[in-house]
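# Breakdown of the fold
One letter stands for each residue in the lines below.
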Amino acid sequence: MPASARDRFTPTAVGLVSRGWVIAEVERRVPDPARREELIGELVGYEPPRRHGLRNMFLFWLVAIGASALAGALELPRWIGFIVAIVIFLWIARLLATRALLWRLDQLEPESRDAARDR
């Protein structure tokens, strides 16, 4: 089941990872075609537990305000520092989301970990 252009823009329950990424990862790691459909459906609907929301929000605003102050100190528009902080936090969130989905795939299909290691 190759990922279509629509799948590349359809988000999963995590939000920052596309359905196309999940399809490509499952096809790369799971050799059994019959099991792939079930795993794709499971991973697209998977939401990892969310913890420490207040702490994460505090860290984001601390870094965003600090980046804005740093941009102002460098005589740049302050919004540039804020945008840089947003991009950094989105990158971290996507990294954590992909790791959570890979962890869940390893939990559902232990052989996929061995297949990924062999490649």
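Just above sits the structure.
What this report covers is the structure whose coordinates are included nearby. (Residues numbered from 1 in each chain as written. Predicted model: local features only at pLDDT ≥ 70, side-chain atom pairs only at ≥ 80, totals over all residues. Heavy atoms only, no water.)

### Examining a nonpolar patch on the surface
The following threshold applies: Patches here are clusters of residues that have more than 30% relative accessible area and form no salt bridge, with a 9 Å joining cutoff for like charges and a 5 Å cutoff for nonpolar side chains (Val, Leu, Ile, Met, Phe, Trp, Tyr). Surface accessibility follows the Shrake-Rupley procedure with a 1.4 Å probe radius. Residue values consider only the protein chains on display as shielding. Counted as salt bridges are all cases of a side-chain nitrogen of Lys or Arg within 4 Å of a carboxyl oxygen of Asp or Glu. Numbering of helices and strands starts at the N terminus; helices are DSSP runs of H or I of at least 4 residues and strands are runs of E of at least 2.
A cluster of nonpolar residues, Val84, Ile88, Trp91, Ile92, Leu95 and Leu96, forms a patch on the protein surface that exposes about 550 Å² of accessible area. Position of isoleucine 92 among the secondary structure elements: in helix 5 (residues 78-108).

### Concerning the pattern of salt bridges
For the record, the criterion: Categorising residues by exposure relies on relative accessible area from a 1.4 Å probe, with only protein chains included: less than 20% of the type maximum marks a residue as buried, more than 50% marks it as exposed, and the intermediate range marks it as partly exposed.
Within the structure shown, the criterion is met by eight salt bridges. When the shortest N-O distance is used, the salt bridge between arginine 28 and glutamate 25 registers 2.5 Å. With a gap of three residues between them, arginine 28 and glutamate 25 both fall in helix 2 (residues 19-29), about one helical turn apart. For arginine 28, a relative accessible area of 33% corresponds to the partly exposed category. You can call glutamate 25 buried: its relative accessible area is 12%. When the shortest N-O distance is used, the salt bridge between glutamate 109 and arginine 35 registers 2.6 Å.

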